[in-house]
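Structure assessment
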Amino acid sequence: MDTAAGGSASALPPPSGSTGTGAEAKEDGERGGKPVMVVLMGPSGSGKSTFAEAVLDGSATGRPWVRVCQDTIGKDKAGTKMQCLKAVADALKEGKSVFVDRCNLEREQRADFVKLGGTLHTDVHALALELPAKVCISRAVSRTGHEGNLQGRTAALVVNRMLQKKETPLLTEGFNRIMFCNDDTDVKKAIELYSALGPLDSLPSGVFGQKRQGPIQVGIMKFLKKADASSVEKSNGPKLTLSERKLGQENPLPKQEKVESGSCSMEAKTELNDNIENEEGAKESGSYDIGYRTLAFPSISTADFQFDLDREPLTLYIVDTQLLIACRRDITQLRSKGSLQCNVIANAANWRLKPGGGGVNAAIFNAAGEALQHATKECADTLRPGNSVVVPVPLTSPLREQEAVTHVIHVLGPNMNPMRPDYLKNDYTKGCKILREAYNSLFENFASVVQSYMGKQNDQPVAVKSASGDSKMKREGGHESERMKKHKLIQPILTKQQHECTGSNAPNYRGNSVGSSDAPNQATKADNKKSGVVASKSWGTWAQSLYELAMHPDKYKNSDSILEVSDEFVVLKDLYPKAKKHVLVISRTNGLDSLADVKKEHLPLLRKMHSAGVKWAQKFLEEDMSLEFRLGYHSVPSMRQLHLHIVSQDFDSASLKNKKHWNSFTTSFFRDSVDIIEEIEQHGAANTNSDDKVLAMELRCHRCKSAHPNIPKLKSHIANCKSSFPSHLLEKNRLVSSTEHMDCT
DNA sequence: GTTCTAGAAC
DNA sequence: GTTCTAGAAC
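Residues numbered from 1 in each chain as written. Chains lettered and ligands numbered in written order. Predicted model: local features only at pLDDT ≥ 70, side-chain atom pairs only at ≥ 80, totals over all residues. Heavy atoms only, no water.

1. Quick notes on the overall build of chain A
Where we set the bar: By the criteria applied, helices consist of DSSP H or I runs no shorter than four residues and strands consist of E runs no shorter than two, each listed in order from the N terminus. Using a 1.4 Å probe on the protein chains alone, a residue whose accessible area is under 20% of its type maximum counts as buried, one over 50% counts as exposed, and one in between counts as partly exposed. Surface accessibility follows the Shrake-Rupley procedure with a 1.4 Å probe radius. Residue values consider only the protein chains on display as shielding.
From N to C terminus, chain A includes 23 helices and 24 strands. Counting only residues that meet the buried cut, chain A has 51% of its 745 residues in that class. Of the roughly 34500 Å² of accessible surface on chain A, 51% is carried by carbon and sulfur atoms.

Listed below in structure tokens is the structure:
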């Protein structure tokens, strides 16, 4: 980070308008001054109260200051956040500036205050007292008479715990300004700054005083070279350090973690560019809070892809990284279980970028929830070995909410497992090359994430490296898609909106293939869409065949599958029958695609279709009187053009293969024709709200309702089940059979 | 709608 | 190792 973002507290620009003559000051002056809310952040012992009191005492500028402290606000009792919020609101409304003196280390703790500032149109500053942990602990332990009675040994434990939960303040939380104080000198300067802030002054927005941690030197990263330390370039930067660790090495070196993943063991040293005091302080407190530019990565290719690192030892050089952690802990719980906050984690992915497969991939997709799957799909469809792709973790993902992981980088390494794709047949020359490429891609993408973050901090546009390698471009196409991906790295919140925009532009096949007679129907759809009743549906080319047949039955008149053609419908043997007898009565009305389109005017057609269905069922019964039939529609059909299924209830067919097939005929997804006619008679429309979820429900026998683990077992059960049908099917002639069922209604 | 197939389940 | 599921592609 350069001085554009403040560099250090000593490089702070003077307050703008400090003479009260600037344009901003004039504007503020007309409003009668501009109060500000300063949210102090720091553990016990960091000196928040001292800071606030020093400004209150030292300010001679006429700006009224109030300190709101949770330890004291409750008088004799412990204060509450609500009391603090009220006190802050009251003070701001009176035109007073406020120091919020609470720990505020976690985003959730401070979010309400930031929100309040927004509501009252007040600038909100974060002032983070980032003193070394051991300094805070030492002060907290030794003090007496603390307002919150926190002192002695308890204080050390509390400070320790607080620091583990610390979340670095971000502008994206809603702060106008963030300032970090890393030592007593910074604190002193900040006190002077706020003490000198006149009633009409304002401080510049941005991030100030954050520790410089050095840029990642992508150019000098040498990863996974064969052991030849002499070939490694030395860094140019004075603070850069170089460490060398051989994968599979036996003896751990100082300050390094031995890491195991799958069948390999791996070691990597963590190198911090911070001053030693800070690092020690962090370790002392059990907190490695180097948060927002830290990568944790598992060993690539060594588990499921069976790459044997013992056979081909490789060396991993990590040169002046912010921090790279090769990880043997649960990579999805580094923060909550390991006190390690890593904003970027790498995933040993599969080529389809899909969940499952066990190991790290399954764990990460499990922990991140569906949101990551969707986000991944937005970035790339597939991945080739040796490549990686950055995926911003959506704000809704538990991985983001609970572990503060902002990006997942999917990496695909070489595969030495004959059971997996891209098997290299033990070609370790090729394998090593791909593994090297994979790590290079991973680290370069990590660097791009860090750079994008720094760009955000600097509030300057930055070129962000997107998915590297040959991960497939989305079909929406080339540059635009790539541009959006880049944008997403910086602004994940916008991703959803942009995605929705993209989605709304999806091709609508209906419009391409239907003539002007379709217009009224389109209007209906549009109306429905406006009222939020039915989402528009587009039909794939494969879903058009019934429509084609209905419009041009003469083209297919020689087909054995067509049983009957009238002006209003076509009766067709289902090409993939789900039972011994399965035929379709297809409407020939153009624009009538599914039940959702059916209105009262279609009732005569529905009755004719039903009668035709009954007629054909009876015809089949003449051949086999053991059959029983149901007539009905799918709530949401897969194929265009309204069609009525007449299906025998034996479900004895090789074409019935999966859960969706079964559930589409045996759950509420299947709407009996008699019920549809009745609903339209009574309400003018059919209820098609049957949730798609019913299609994924457990497999239950349609007669006795027993559950079965899979399709083959279900099929062997239904072949023998002699139970009678559920009573509702025996009513209203929902079943057509040779035996007359009593209609109880 | 089906086909194909990776991955899960057994 | 084999069977089965479920998601992507068509």
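2. Quick word on the protein's contact with DNA strand B
Filter applied, for reference: We call a residue near a molecule or strand when any one of its heavy atoms sits within 4 Å of it. The term polar contact refers here to a pair of N or O atoms within 3.5 Å; inside protein, the definition further demands a hydrogen-donor-capable atom paired with an acceptor-capable atom, and it admits residues adjacent in sequence only when both atoms are side-chain atoms. Following the grouping adopted for this structure description, the nonpolar residues are Ala, Val, Leu, Ile, Met, Phe, Trp, Tyr, Cys and Pro, the charged ones are Asp, Glu, Lys and Arg, and the polar ones are all others, Gly among them.
Close to DNA strand B lie 14 residues, the nearest being Gly356, Gly357, Tyr576, Ser638 and His661. Take Ser638: an N or O atom from its side chain is 2.7 Å from a phosphate oxygen of DNA strand B. Interatomic distance of 3.0 Å between a side-chain N/O atom of Lys657 and a phosphate oxygen of DNA strand B. Taken together, the residues of the surface near DNA strand B break down into three nonpolar, seven polar and four charged.

3. Looking at the side chain of Asp675
In this structure, Asp675 sits in helix H22 (residues 673-683). A relative accessible area of 13% places Asp675 in the buried class.

4. Describing the environment of Arg671
Put simply, the test is: In what follows, residue pairs with any heavy atoms lying within 4.5 Å of each other are defined as contacts.
Relative to the helices and strands, Arg671 resides in strand S21 (residues 670-672). A relative accessible area of 12% places Arg671 in the buried class. Among all residues touching Arg671, those that are not within four sequence positions of it are Leu595, Leu631, Gly632, Tyr633, Ser635, Ile676, Glu679 and Asn687. Looking at Arg671, its side chain comes within polar contact range of the main-chain oxygen of Asn687, at 2.6 Å.

5. Considerations on the sheet that holds strand S2 (residues 65-69)
Just so we agree on the cut-off: Strand pairing is assigned whenever DSSP detects at least two bridges linking the two strands. Comment: axis = line fitted to C-alpha atoms, over the contacting stretch for helices; angle = value between 0 and 180 degrees taken between N-to-C directions.
Strand order in the open sheet made by the six strands is S2-S3-S1-S4-S5-S6, with parallel pairing throughout. The open sheet has two free edges, formed respectively by S2 and strand S6 (206-208), since each of these has just one partner strand. Taking the axes of each pair of neighbouring strands and ignoring which way they run, one obtains an average angle of 15° across the sheet. Sheet analysis places strand S1 (residues 36-41) next to strand S4 (residues 123-129), joined by six bridges and oriented parallel. Of the residues in S4, the one forming a bridge with Val38 is His125. Those strands touched by helix H8 (residues 184-195) are S1, S2, strand S3 (97-101), S4 and strand S5 (177-181), and its axis lies near 140° from that of S5.

6. Focus: the nonpolar core
Just so we agree on the cut-off: Put simply, a nonpolar core is a bunch of buried Ala, Val, Leu, Ile, Met, Phe, Trp, Tyr and Cys residues held in one set by side-chain atoms that sit within 4.5 Å of each other.
Core analysis: the largest hydrophobic core is formed by 29 residues, its most contacted members being Val585, Leu606, Met609, Phe629, Tyr633, Leu642 and Ile646. Mapped onto this core, the elements with two or more residues apiece are strand S17 (569-573), strand S18 (582-587), helix H20 (603-623), strand S19 (628-634), strand S20 (643-648) and H22. For this core, the leading source of residues is H20, giving ten residues. Residues contacting Leu606, with those up to four places away along its chain left out, are Val598, Tyr633, Leu642, Ile676, Ile677 and Ile680. Grouped together as the second largest cluster of nonpolar side chains are 28 residues, Phe99, Leu131, Ala133 and Phe208 included.

7. A word on the pattern of salt bridges
Heads up, the condition is: Whenever a carboxyl oxygen of Asp or Glu lies within 4 Å of a side-chain nitrogen of Lys or Arg, that contact is scored as a salt bridge.
All chains considered together, the criterion is met by 24 salt bridges. Glu173 serves as the salt-bridge partner of Arg107, at 3.0 Å between the closest nitrogen and oxygen. Taken together, the residues Arg107 in helix H5 (residues 107-119) and Glu173 in the loop between helix H7 (152-164) and S5 connect sequence positions 66 residues apart. If you follow the salt bridges from partner to partner, you end up with Arg107, Arg110, Glu167 and Glu173 in one network.

8. What to know about the packing of H20 against H22
Here is the rule we go by: Throughout, the term roughly parallel applies to angles under 35 degrees, roughly antiparallel to angles over 145, roughly perpendicular to angles from 65 to 115, and oblique to all others. Note on convention: the crossing is left-handed when the near helix lies turned anticlockwise from the far helix by less than a right angle, right-handed when the turn is clockwise.
Orientation of H20 relative to H22, taken along the N-to-C sense of each, is 165°, at an axis distance of 10 Å. Here H22 runs roughly antiparallel to H20, going by the angle between their axes. The chirality of how H20 crosses H22 is left-handed. The segment H20 lies against H22, with Leu603, Leu606, Arg607 and His610 engaging Ser673, Val674, Ile676, Ile677, Ile680 and Glu681. Looking at the contact of H20 with H22, its residues break down into six nonpolar, two polar and two charged.

9. Regarding unusual backbone geometry
For Gln306, which is not glycine, the phi torsion reads 55° and is therefore positive. Position of Gln306 among the secondary structure elements: in the loop between strand S10 (295-297) and strand S11 (315-319). For Lys732, which is not a glycine, the phi torsion comes out positive at approximately 55°. You can see Lys732 is positioned in the loop between helix H23 (711-718) and strand S24 (735-737). The class for Lys732 is partly exposed, based on a relative accessible area of 25%.

10. A closer look at the confidence of the model for chain A
Definition in use: Think of pLDDT as the predictor's per-residue confidence, scored from 0 to 100.
In the predicted model, chain A carries a mean pLDDT of 72, and the fraction of residues at 70 or more is 67%. Under a pLDDT of 50 for its full length, residues 16-31 has, in the predicted model, 15 contacts with residues more than four places off or in other chains. Low pLDDT, under 50, characterises residues 318-323; the stretch is placed with 31 contacts to residues that sit more than four places away or in other chains.

11. Some details on the packing of helix H2 (residues 48-58) against H8
At their nearest, the axes of H2 and H8 sit 9 Å apart, and the two run at 40° to each other. In terms of axis orientation, H2 runs oblique to H8. Crossing of H2 over H8 shows right-handed handedness. Contacts between H2 and H8 involve Phe51, Ala54, Val55 and Gly58 on the former and, on the latter, Val187, Ala190, Ile191, Tyr194 and Ser195. Here the residues of the contact of H2 with H8 sort into seven nonpolar, two polar and no charged.

12. Some points on the packing of aromatic side chains
Selection criterion: Aromatic rings from Phe, Tyr and Trp, taking only the six-membered ring of Trp, are treated as a pair when their centres fall within 6.5 Å; an angle between ring planes under 30 degrees marks them as stacked, one over 60 as edge-to-face, and anything in between as tilted. Working rule: Lys NZ or Arg CZ, within 6 Å of ring centre, within 35 degrees of ring normal, means a charge sits over the ring.
Summed over all chains, the structure comprises 14 aromatic pairs. A ring pair is formed by Trp616 and Phe620, whose centres lie 6.0 Å apart and whose planes are at 45°; its orientation type is tilted. Separated by four residues within a single helix, Trp616 and Phe620 lie in helix H20, roughly one turn from each other. For the residue pair Trp616 and Phe620, the accessibility class agrees, reading buried in each case. The interplanar angle of 70° and the centroid separation of 5.0 Å between the aromatic rings of Phe651 and Trp662 together place this pair among those described as edge-to-face. In this pair, Phe651 is assigned in the loop between S20 and helix H21 (659-666) and Trp662 in helix H21, connecting sequence segments eleven residues apart. What makes Phe651 buried here is its relative accessible area of 2%. Taken together through their ring pairs, the aromatic side chains of Phe51, Trp65, Phe99 and Tyr194 make up a single cluster. Over the ring of Trp616 we find Lys619; its NZ or CZ atom is 4.2 Å from the centre of that ring.

13. Thoughts on H8
Worth spelling out the cut-off: Multiplying 1.5 Å by the residue count of a helix minus one yields the expected span of that helix.
The end-to-end C-alpha distance of H8 is 16 Å, a good match for the 16 Å that twelve residues give at a rise of 1.5 Å each. Within H8, burial applies to Asp186, Val187, Ala190, Ile191, Leu193, Tyr194 and Ser195. Elements in contact with the buried residues of H8: S1, H2, S2, S3, S4 and S5. For H8, the capping residue at the N-terminal end is Asp183, with a side-chain oxygen 3.1 Å from the backbone nitrogen of Thr185.

14. Quick look at the state of the cysteines
Applied cut-off: The disulfide criterion is simple: two cysteine sulfur atoms within 2.5 Å.
Per the counting criterion, the structure on display carries zero disulfides. A disulfide-free cysteine, Cys69 has its sulfur positioned 7.4 Å from the sulfur of Cys84, the nearest such atom. Left without a disulfide partner, Cys721 is nearest to the cysteine sulfur of Cys701, which lies 3.8 Å away. Take Cys721: its relative accessible area is 11%, and that puts it in the buried class.

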